[in-house]
Amino acid sequence: MLAFRSSVATLGLILTGGGARAAYQVGALRAIAEVLGAGNNPFPVITGVSAGAINGAALAASADDFAGGARRLSETWLSLTPERVYRTDMLSVASIGSRWIRNLTSGGLVTLRQVNHLLDTTPLRELLAERIPLDRVPAHIAAGRLRGLGVTATSYLTGTAVTFFDGTQDVHPWARSRRLGRRETLTIEHVMASAAIPVFFPPVRLGDTYYGDGQVRLTEPLSPAIHLGADRLLAVGVRYLRTAEETQSLNSEETSMRVLPVSQVAGVLLNALFLDHLDSDTERLERINHALGRGAPPGGEERFRVIPVLTLRPSLELGGLAADQMEHFPRMVRYLLRGMGAGRRGGSDLVSYLAFERSYIDRLHTLGYEDTLHRRGELEDFFGASTRLSA
C-alpha cells in the first residue's frame, strides 16, 4: 500500500452514471483505495450524477475513512438484487402497466392519476436511507475533510441541469444558460432524483418541481467539480471508448434488422444520455489546457487556468456483458422487458441499465478494479508519487 501527502491541489472526483453500469465505478474506487492506502478522503470535492450520485454521496458520508467507505459501498453493490432496487412483484408491475394503458387510451377525456414511470423504486430509497448517512456531510465539511459535495438532477419543469451542493462558505451558487448550482442541505431525495432514469424510474419532487436523472441535461459533467473549487480532476466513466477501427468494423458488418424493437431504440437513447458527455467534456477541457499551455489567456484573465484531468473508463463494452442477464430477472420484469423486445439483438444495452444482478454487478466490479490497477502508475503520478511517504 502507498500513502501520499496531501497535495496543494484540490482534487475533484467526478462520477457519472448509468444504472447498474455504475458498479464499474465501485470496483475502480476499491482499486484507488488500495493504491492510496488507509486515510481520510483524498478528494475534497466529490460530484456525482445519475447512479454516480449514489456512489459519490456514499463516499462523501465516509470522508473520514475513504478505504472503509469504498469497501462498504462495494459490499452494498455486490449484495444487490433487482428486488432491492425496484418492486418486482406481479401486483406492482401490473398495476403500473395498467395505469399506462388507461392513460394512453383515455384521450384526456377522463381525469386519471398520471403515470410517468415503469418501475417503483421504493426499495432503493429505503436501502439508501439505511446505508448512506448524508447527515454526516456537514460535519465533514466543518472539519475540513470535505470541501463540497454536489449531485445533479434535471428539472422537468425548465429542462435545467441543477447541481444541488453543500460545501464551504466560499463556494457560491452559479448559473449558466442550461445549468446552475444551488446550495441545499442534501438528502436521499436529492440522490434519488439524480438517479431517476427517465421513464423507468419515477421522478422525484424537490420543492415545487419534479426532477429526474441529471445525466439528461448535464452536457458538462466536469463543470460542477470546478465550480466547487477542484483544480485537478479524476473522472470515472462507464463508457468503453471504441477505436476508429472498431467503429468502422462494427458498421461494416453484413447484418440486417428485420424489425426494430423498442428495446433497441431505448438502449440507443440511454447510451446517448449517459455515455457521451464525459468524453466530449474531457476533450474540451484538454484542448483548453493545451491552449493555455502555449501562452497566457487573452486579456490576461486570471480566471483561466490549467486543470489536469485523468479519466478512467472500461476496457470492455459494458452493454455486451449484459447479454445473458435476461434469464436472471424476476419473472414480471422479464415479461415487461421482453414485451419491449429486450433479449433480441441490441436489447442488451437496455438490459445493462437495469441488471442489478449479482453476476453482472460482479463482472463490472471486477473489471473496474482490474482496469484501474492496470493504470496504477498513472494514478500514482496523479496523486503525486514524488511525495510518497512510505510503502
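Predicted model, so just to flag it, every value in this text is computed and none were measured.

1. Some points on the pattern of salt bridges
In total, this model carries 17 salt bridges according to the counting rule given. With its nearest N and O atoms 3.1 Å apart, the salt bridge here joins Asp 170 to Arg 147. Taken together, the positions of Asp 170 in the loop between strand 5 (161–167) and strand 6 (174–175) and Arg 147 in the loop between helix 6 (137–142) and strand 4 (148–155) put the pair 23 residues apart, joining distant regions of the chain. A salt bridge links Asp 279 to Arg 239; its shortest N-O distance comes to 2.6 Å. Here Arg 239 lies in the loop between strand 10 (232–236) and helix 9 (244–250) and Asp 279 lies in helix 11 (residues 277–293), a separation of 40 residues in the sequence. For Asp 279, a relative accessible area of 6% gives the class buried. When its relative accessible area of 26% is taken as the criterion, Arg 239 is described as partly exposed.

2. A short note on the packing of aromatic side chains
For the coordinates displayed, the defined rule picks out eight aromatic pairs. Their ring planes at 65 degrees and their centres at 5.7 Å tell us that Phe 43 and Phe 383 sit as a pair that is edge-to-face. With Phe 43 in the loop between helix 1 (23–36) and strand 3 (45–49) and Phe 383 in helix 15 (residues 376–383), the pair connects residues that are 340 residues apart, well separated along the chain. Taking the relative accessible area as the measure of exposure, Phe 43 reaches 0% and is therefore buried. Measuring from ring centre to ring centre gives 5.4 Å for Phe 164 and Tyr 211, while their planes differ by 75 degrees; the resulting arrangement is edge-to-face. Residue Phe 164 is located in strand 5, and its partner Tyr 211 is located in strand 9 (residues 209–213); the two are separated by 47 residues in the primary sequence. Among the residues examined, Phe 164 registers a relative accessible area of 1% and is labelled buried. Given a relative accessible area of 4%, Tyr 211 falls into the buried group.

3. Brief notes about the confidence of the model for the protein
Put simply, the protein has an average pLDDT of 83, and 80% of its residues get 70 or more. By mean pLDDT, strand 12 (residues 388–390) is the weakest element of the protein at 36, and helix 7 (residues 188–194) is the strongest at 98. Segment residues 1–7: pLDDT under 50, and 26 contacts once partners within four positions in sequence are set aside and those in other chains are kept.

4. Regarding helix 15
Among the residues of helix 15, those classed as buried are Leu 379, Glu 380, Phe 382 and Phe 383. Down the axis of helix 15, the sector holding all buried residues measures 160 degrees, keeping them to one side. The positive-phi residue at the C-terminal boundary of helix 15 is Gly 384, with phi of around 95 degrees.

5. With respect to a nonpolar patch on the surface
A cluster of nonpolar side chains, contributed by Leu 260, Val 265 and Leu 269, occupies part of the molecular surface with about 280 Å² of accessible area. Within the secondary structure, Leu 260 is located in the loop between helix 9 and helix 10 (262–275). Here Leu 260 falls in the exposed class, since its relative accessible area comes to 58%.

6. So, helix 3 (residues 66–78)
Its 13 residues give helix 3 an end-to-end C-alpha distance of 18 Å, which sits within 8% of 18 Å, the value for a rise of 1.5 Å per residue. Tucked inside the fold, the buried residues of helix 3 contact helix 1, helix 2 (51–61), helix 5 (122–131) and helix 14 (358–374).

7. Quick look at the pairing of strand 5
With seven of its seven residues buried, strand 5 lies for the most part within the structure. Burial along strand 5 is two-sided: Ala 161, Thr 163, Phe 165 and Gly 167 and Val 162, Phe 164 and Asp 166, pointing in opposite directions, are all buried. Summarising the sheet, strand 4 and strand 5 pair through seven bridges and their orientation is antiparallel. Bridge pairing in strand 5 places Val 151 opposite Phe 164. Sheet topology places strand 5 next to strand 7 (residues 179–183); five bridges connect them, and they run parallel. Across the sheet, the residue bridging to Thr 163 is Gly 181, located in strand 7.

8. Some points on the side chain of Glu 220
Following the sequence through the fold, Glu 220 ends up in the loop between strand 9 and helix 8 (223–227). Leave out the neighbours within four places in its chain, and Glu 220 touches Arg 178, Arg 179, Asp 281 and Arg 284.

9. Quick notes on the environment of Ala 230
Here Ala 230 shows up in the loop between helix 8 and strand 10. Given the relative accessible area of 0%, Ala 230 is considered buried. Taking C-alpha positions, Ala 230 is 5.0 Å from Gly 12, a pair spaced 218 residues apart along the chain. Ala 230 has contacts with Thr 10, Leu 11, Gly 12, Val 45, Ala 225 and Arg 305, leaving out every residue within four places of it along the chain.

Cut-off values and rules
- Residues numbered from 1 in each chain as written.
- Predicted model: local features only at pLDDT ≥ 70, side-chain atom pairs only at ≥ 80, totals over all residues.
- Heavy atoms only, no water.
- Salt bridge = Lys/Arg side-chain N within 4 Å of Asp/Glu carboxyl O.
- Helix = DSSP H or I, 4+ residues; strand = E, 2+ residues; numbered from the N terminus.
- Buried < 20%, exposed > 50% of the residue type's maximum accessible area, 1.4 Å probe, protein only.
- Phe/Tyr/Trp six-rings, centres within 6.5 Å; stacked < 30°, edge-to-face > 60°.
- pLDDT = per-residue confidence, 0-100.
- Contact = heavy atoms within 4.5 Å.
- Arc of directions from axis to C-beta.
- Patch = residues over 30% accessible without salt bridge, like charges linked within 9 Å, V, L, I, M, F, W, Y side chains within 5 Å.
- Areas by Shrake-Rupley, 256 points an atom, 1.4 Å probe, with all protein chains shown as cover.
- Expected span 1.5 Å × (residues − 1).
- Pairing = 2+ DSSP bridges.

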